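Architecture at a glance
One-letter residues, chain by chain:
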Amino acid sequence: MIRLRGSVFLAFIIGVCGLVGRAEAVETNRYYSYLYFSEGYPTRLRKNRRPESMANRAARENPDVVVQTGFYSLKLDCDTMQLSGFDALEGSDYLSALNQSVTDFSPARLRIRIEKNGVLYTCTGAVPQDASGQNVRLIESGQFVQRFDLTQLIFTDTLGNELGEHPRLEITAWADRVTFLLDAGMVEGVEKTAISIVSPGGKTYRAGGRGGTAVLRVMPHLDRMFEPLDVSAYVGRAKAVKDGGDLEVVYDPEESAVRFELPVDRLRFPEDRGRLDEYEFELTNPLSADTVVPLIFREVRTQGITGTSMLLCGADGAPTGIPVQVSKNWHNDPGHRVKHDGPWLRGYTMVPLQAGETRRFRLRLVTGFWGGVPAVSHAQLSVIGYGGNWKWDESALGCWGESMCYDPAQHLGSAFIADVRPAFTAGKKDGGKYSWTENVGGGDFLVYFDADNTYRWAKQLKTAYYWTGPNMTEVHYSGVTDDEAIAFHYRIRSVCTADYHRRFHAYTYRFLKDVVSPQRLIFHQMAGDYYNSVHFDTYYVGSGSGLTQTLARPEGLSGYAGEAVPFSGAWVTADDHWCSDRDSQEPRARRGLLFMNSTLNGEPFPVCLHPFGAARRGGGRMSFDLAAESVRRSYKAGDVVEGELEFILPAKEPGVYWGDDQEFKARLGRPGSEAWTMTADEYIHNLQLSVEPKAGTLLNSYPVEIAAAQNSAVLADFVIPRGGIGHVPIIVRNVPPGIGLRAERQVDGKWVPLESADFGGRSFYQAVRNASGTLDCAFSIRRPSADLAAAWRVRIVKAE
């Protein structure tokens with residue numbers, strides 16, 4: 001990273017703070033944020049499935065949190081409560097910064113004080129972790145905002161006497177500003193509070209006064225404070241589209257942004273399958289310089305919280321490509337109420353406006369269905385109120401339960417992939433529709449024990465929420481092992497569909513050092529060493545030509561046993577028959593893993609599945625460990641391993657499937673169907689999909705990716721000769737900004753609208769702005785015919 005010198009961005013602040021002067025254009029690529037522990041998550045002392053001997057002690061000794069944005073970085077030592085980093089950065093763009101590290105830090109002095117009964121107390125440190133759990137709590141996390149707090153601050157007077165109570169410090173870091181909130185409301189008798197920072201440049205910022213709270217707002221990259229926005233100067237009329245009712249719009253002093261209160265009616269299924277909540281509002285930039293306006297969209301009463309996503313569109317309904325971060329929580333502990341426990345759901349975005357510009361927007365709140373099809377979502381879920389306090393991501397099909405959860409720091413389930421649940425199958429409690437299903441979870445990505453058999457934890461864990469729904473999700477995770485030997489990058493995708501849960505897991509491992517004879521090094525795992533929810537006796541292996549092997553799980557399996565199963569160009573299905581979920585003992589779906597690709601330094605790299613058993617939590621359970629021909633294979637510095645596989649979870653039989661994909665239901669119940677048939681069909685009809693482009697450049701066949709044709713009204717035109725089951729994900733890249741799109745299919749030589757509904761002639765699609773300024777747009781398109789042998793042709797055109 002490059003540290004900025006002088007006042008390179010002084011012009012920018014002129015626009016933000018309303019000073020008179022000339023400003024440069026807003027650099028939209030730099031509006032992003034990341035949050036991570038520099039030495040890794042300090043593994044918890046309780047609710048941890050791993051033995052204490054595997055604890056990440058280096059992280060416990062150095063619980064330092066880093067905020068990295070396109071404009072600045074902060075580093076907070078959570079035990080000493082000092083800012084060891086307070087710097088300007090010249091960031092790149094959101095995805096590029098995922099794999100870029102902050103290496104230089106300049107210390108600033110942070111002082112936090114309270115006065116109680118005439119005695120002055122100063123914060124001298126904090127307890128980041130104790131026997132009751134983690135006291136550094138993640139509240140909200142996404143592209144634009146990182147919000148966390150420390151709940152066990154230590155205060156002492158001038159004589160060294162400690163204050164018995166423990167105020168908390170909350171930090172809300174936007175891409176270009178940060179707010180420090182001291183909350184001493186739980187301390188009886190507090191008369192005054194104060195926060196001050198002395199920057200590396202020698203400037204002092206102060207905030208405080210009488211009462212139990214103090215709020216300090218600063219812009220580290222400009223070495224200055226900032227003032228609250230005047231909402232009336234920036235926001236015109238805001239209303240709900242359904243009834244025209246005005247929205248309440250206020251300035252949020254804790255998060256330093258304009259907040260819209262969104263009324264949401266109670267959600268019911270199947271009645272609300274076609275429902276879409278929309279809100280219109282107008283933004284104005286009253287300044288003589290370009291600026292960016294931070295916005296919060298808060299649901300007044302949460303609905304469909306497990307599967308909500310938001311799209312920010314123009315007045316004409318075309319997606320702007322400006323992302324909306326979603327953060328949420330539904331956990332609470334009735335016996336121990338804490339700040340920020342649930343339920344709540346908020347969306348965050350930063351809208352760029354030119355000097356003097358007025359622009360109208362339409363916010364679409366997607367819950368459950370999108371164009372009549374169950375929508376997909378992937379967002380950060382706060383676990384405050386549950387007992388865990390750090391990063392947890394939840395992804396869903398629909399909005400009536402989780403589909404797959406991710407725990408990058410392994411702070412709750414000791415596995416990167418945690419809860420996994422089938423979609424469109426009978427509910428676990430009453431066997432009904434639109435309800436939670438059984439948990440068949442557990443899995444991981446890199447599992448690395450070095451030559452000394454020491455488990456290597458991950459550090460500098462970062463997450464980029466590139467797409468959060470509703471047609472497709474794409475979320476990236478990165479980090480480095482704590483021995484600094486392997487840097488990793490994962491890309492996780494899921495798609496809107498009505499047949500079954502699909503997930504695409506891609507990985508990249510860059511070896512920074514020689515890794516010689518590791519005791520165990522695997523690229524991906526399903527299930528996990530310490531999270532394995534299902535039993536099975538038999539599993540099936542096949543290829544594009546059908547079933548090749550039927551294998552039995554080794555009895556008494558502990559560690560590796562049996563022959564490795566070649567996986568290149570193959571698939572595997574586990575016939576799960578017992579589930580550890582407390583509400584259901586019989587899984588209603590089968591797990592399938594399908595090979596997509598594998599390379600070493602750009603060349604084909606054969607991989608195998610190694611049967612592995614963990615003799616705990618019931619014993620005898622098996623995971624599928626994906627690795628080279630040997631899990632002890634050595635790698636050289638400079639090696640790059642890349643690969644991708646698909647995970648599916650189709651229903652076992654028609655009787656437990658309640659979705660409306662009749663083609664899938666017919667195949668599921670056809671005579672002669674075997675336990676492995678749905679996995680084989682997915683491999684043949686989707687992963688081996690053939691695509692013939694007529695316009696645009698084909699980049700990938702499945703999911704379909706096409707680079708848009710330039711200077712043409714037809715951006716993409718292609719034929720699928722056969723296959724394509726479920727809803728086929730289609731991505732059109734490098735679409736010119738400022739235009740709407742429409743999807744069409746050819747019927748008897750004529751082009752007709754392809755999807756079941758549209759908004760003003762624009763099809764159901766989502767978009768995100770690239771670093772180049774163009775848009776990537778994602779569609780989810782149902783095969784028009786139940787005949788998998790029939791050809792079909794689709795095109796994406798500019799909407800008139």
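Numbering of residues begins from 1 in every chain and follows the order in which that chain's sequence is written. In keeping with the predicted nature of the model, local features appear solely for residues at pLDDT of at least 70, side-chain atom pairs appear and are counted solely at 80 or more, and the whole-chain, interface and lining totals rest on all residues. Water and hydrogen atoms were dropped before computing side-chain values, which therefore reflect all heavy atoms in the structure.

The subject of this paragraph is the overall build of the chain. Counting from the N terminus, the helices are the DSSP runs of H or I reaching at least four residues and the strands are the DSSP runs of E reaching at least two. Assigned secondary structure in the chain consists of six helices and 63 strands. Its C-alpha atoms give the chain a radius of gyration of 26 Å, near enough to 28 Å, the size a compact globule of 800 residues would have. With the principal axes as the frame, the chain shows a C-alpha extent of 80 × 65 × 50 Å. Classification of residues uses two cut-offs on accessible area relative to the type maximum, computed with a 1.4 Å probe and protein chains only: under 20% is buried, over 50% is exposed, and between them is partly exposed. With 800 residues in all, the chain has 63% of them scored as buried. Only heavy atoms matter for contacts: two residues are in contact if any of them lie within 4.5 Å across the pair. The contacts of the chain with a sequence gap of at least 6 include a subset with a gap of at least 24, amounting to 68%. Using a 1.4 Å probe, the Shrake-Rupley method yields the accessible areas, and only the shown protein chains count as cover for residues. About 28,000 Å² of surface is accessible on the chain, with carbon and sulfur atoms providing 46% of the total. By the counting rule applied here, Lys and Arg register as positive and Asp and Glu as negative, while His and the ends of each chain are not counted. Here the site of a charge means NZ on Lys, CZ on Arg, CG on Asp, or CD on Glu. Separation of charge centres in the chain, based on 87 positive and 96 negative side chains, amounts to 2 Å. Every radius of gyration here is taken over C-alpha atoms, with the globule rule written as 2.2 Å times N^0.38, N being the number of residues.

Turning next to the sheet that holds strand β57 (residues 741–747). If DSSP finds at least two bridges between two strands, the strands pair. Pairing is antiparallel across the open sheet formed by five strands, whose spatial order is β52-β55-β63-β57-β58. Every other strand in the sheet has two partners, leaving β52 (692–695) and β58 (750–753) as the edge strands with one partner each. Taking the axes of each pair of neighbouring strands and ignoring which way they run, one obtains an average angle of 30° across the sheet. Here β57 pairs with β58 via four bridges, running antiparallel. Within β58, the position partnered with Arg745 by the bridge is Val752. For every element, the axis is a line fit to its C-alpha atoms; helices are fit only across the contacting stretch, and the angle between N-to-C directions ranges from 0 to 180 degrees.

One side chain can pair with another of opposite charge once the charged atoms of both are near each other. In what follows, salt bridge is the name for a side-chain nitrogen of Lys or Arg lying within 4 Å of a carboxyl oxygen of Asp or Glu. Applying the stated criterion to the full structure yields 57 salt bridges. The partner of Glu402 in a salt bridge is Arg421, and the shortest N-O contact between them spans 3.8 Å. Taken as a pair, Glu402 in the loop between β30 (393–397) and β31 (404–406) and Arg421 in the loop between β32 (417–420) and β33 (447–449) lie far apart in primary sequence, 19 residues in all. A residue is classified by how much of its surface remains accessible, and Arg421, at 7% relative accessible area, is buried. Its salt-bridge partner being Arg553, residue Asp537 comes within 3.1 Å of it at the nearest N-O pair.

So, on to the confidence of the model for the chain. Looking at any residue, its pLDDT shows the predictor's confidence there, from 0 to 100. Looking at the chain as a whole, the pLDDT averages 91, with 94% of positions reaching at least 70. Low pLDDT, under 50, characterises residues 1–24; the predicted model gives this stretch 58 contacts beyond four residues in sequence or across chains.

With that settled, the discussion passes to the pairing of strand β49 (residues 608–614). Burial analysis of β49 places seven of its seven residues in the buried class, the great majority of the element. Strand direction decides the pairing type here: strand β43 (residues 559–560) and β49, joined by two bridges, are antiparallel. Bridging across to β49, Gly559 finds its partner in Gly613. The pairing of strand β44 (residues 565–566) with β49 spans two bridges and is antiparallel. Across the sheet, residue Pro566 finds its bridge partner in β49, namely Cys608. Relative to strand β50 (residues 621–627), β49 is paired through seven bridges, and the arrangement is antiparallel. Residue pairing across strands places Leu609 opposite Leu626, the latter belonging to β50.

With that out of the way, let us pick up the nonpolar core. Nonpolar side chains tend toward joint burial in soluble globular proteins. Among the nonpolar cores identified, the biggest contains 114 residues, and Phe148, Phe180 and Tyr509 are the most heavily contacted of them. Listed in part, the 65 residues of the second largest apolar core include Phe424, Tyr500, Val656 and Val704. In this description, a nonpolar core means a group of buried Ala, Val, Leu, Ile, Met, Phe, Trp, Tyr and Cys residues linked to one another through side-chain atoms lying within 4.5 Å.

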